[in-house]
Amino acid sequence: MQTLLGIIFHTIGGISSGSFYMPFKKVKGWAWESYWIVGGLFSWLIVPPLAAWLTVPDFAEIIGGTDSGVKSLIYTLGVLWGIGGLTYGLGVRYLGMSLGNSVILGVSSALGSLGPAIYYNFKPVEGKQSFTDMLQSPGGQVVLLGILVCLTGIYVSGKAGMMKEKELPAETKQSTTSEFNFVKGIIIAVISGLLSAFFNFGIEAGKPMADVAVQHGHNPLFQNNVTYVVLLWGGLTTNLLWCVYLNFKNRTYGDYTNSRTPVLRNILFAGLAGTMWYIQFFFYGMGESKLGNGASSWILHMATIILTANFWGLYLKEWTAVGRKTFRTFLWGIGLILASIFLVGIGNSI
């Protein structure tokens, strides 16, 4: 039951994350940096403390009483993750939703799921599974197999995206991804994937605060909501500085008051995108508390995001003009990712 609930929570979070970019498509007449930071204010500054207050009412006291070294580490990891989140938007912008998500989340999946377990090999922590522990237990072996299958599925999805890029005529690429740039997109996507994994490291670093929330009698399902407040301050810092810089560099600071654009509508949809983005980690924290395995949680989260993003890619007709072989490769990628979810679930049940 614990495993099933964990998978359900991760699925809900993954759907939210894989869909958050859609409201941004409803924003009209604004530059990328303008709608990105408005969405970010909701996802990194407004919604996290609200969610923490609703689930862990004394979250501010818990943060205030936490060792400054722990908070500094969480914040620093948030800053690094923020660079990854910032470049995520650019990666999708240049590659399209299907290929962009496959590359970014593939790199993030590998580092984010296995990184903490490898770290615990060198610095063991009670209650945490190291990579060696996973190798030596039947359940851990099945989880690792699931991670391998997921990464294979992500590779196949990425290959399908590259096959699509070769097949589509220039005008079709521009109609589905107006700023398509394969080389620039791949470079940005790999950097984004590497840095995006630091979010999972930040959650691990914030366990002292999460543990205090549980000790205070709060529902363990919501323990990570305290950590998110500090972690997302780091992400806000990176993105706010960059977007304000772009606003002045590109002279787009007038977007927020431009009467020729639907300002209130743009704020509404950007805010909705930011809120949907945060919801992914609200449910991620719930799923992680049930599964109790960082590797399983992260790979399940990434897998459901990729599936959702690829289904949106289908809806947006990114695959309508490709050949049968390319589309069949795309379906194989989806099938492998789905299989990995079942394997990880089985491994956790064992």
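Residues numbered from 1 in each chain as written. Predicted model: local features only at pLDDT ≥ 70, side-chain atom pairs only at ≥ 80, totals over all residues. Heavy atoms only, no water.

### As for the overall build of the protein
A tally of regular secondary structure across the protein gives 16 helices and zero strands. Burial statistics for the protein: of 350 residues in total, 57% are counted as buried. Taking the contacts inside the protein whose residues are at least 6 apart along the sequence as the reference set, 82% of them involve residues at least 24 apart. For the protein, the accessible area works out to roughly 15,100 Å², and carbon and sulfur atoms hold 68% of it. (Helix = DSSP H or I, 4+ residues; strand = E, 2+ residues; numbered from the N terminus. Buried < 20%, exposed > 50% of the residue type's maximum accessible area, 1.4 Å probe, protein only. Contact = heavy atoms within 4.5 Å. Areas by Shrake-Rupley, 256 points an atom, 1.4 Å probe, with all protein chains shown as cover.)

### As for a positive patch on the surface
A surface patch of positive charge is lined by Lys159, Arg324, Lys325 and Arg328. No other element matches helix H16 (residues 324-349), which puts three residues into the positive patch. Locating Lys159 in the fold gives a position in helix H8 (residues 138-167). (Patch = residues over 30% accessible without salt bridge, like charges linked within 9 Å, V, L, I, M, F, W, Y side chains within 5 Å. Salt bridge = Lys/Arg side-chain N within 4 Å of Asp/Glu carboxyl O. Lys, Arg positive; Asp, Glu negative; His and termini not counted. Charge placed at Lys NZ, Arg CZ, Asp CG, Glu CD.)

### Points about a nonpolar patch on the surface
On the surface, a cluster of nonpolar side chains totalling about 790 Å² of accessible area is made up of Leu41, Leu45, Ile46, Tyr75, Trp233, Leu240, Val244, Phe248 and Tyr253. For the nonpolar patch, the element with the highest residue contribution is helix H13 (residues 224-249), accounting for four residues. Tracing the backbone through its elements, the reader meets Phe248 in helix H13. The class of Phe248 is exposed, set by a relative accessible area of 56%.

### Here we look at the packing of helix H5 (residues 68-95) against H13
One can describe the packing of H5 onto H13 by two numbers: an axis separation of 7 Å at closest approach and a directional angle of 45°. Classified by the interaxial angle, the pair formed by H5 and H13 is oblique. Crossing of H5 over H13 shows right-handed handedness. Along the contact surface, H5 presents Lys71, Ile74, Tyr75, Leu77, Gly78, Val79, Trp81, Gly82, Ile83 and Leu86, while H13 presents Thr227, Val230, Leu231, Leu232, Trp233, Gly234, Gly235, Thr237, Thr238, Asn239 and Trp242. Its residues assigned to classes, the contact of H5 with H13 shows twelve nonpolar, eight polar and one charged. (Axes fitted to C-alpha atoms, helices over the stretch in contact; angles between N-to-C directions. Parallel < 35°, antiparallel > 145°, perpendicular 65-115°, else oblique. Left-handed = near helix turned anticlockwise from the far one by under 90°. Nonpolar A, V, L, I, M, F, W, Y, C, P; charged D, E, K, R; others polar.)

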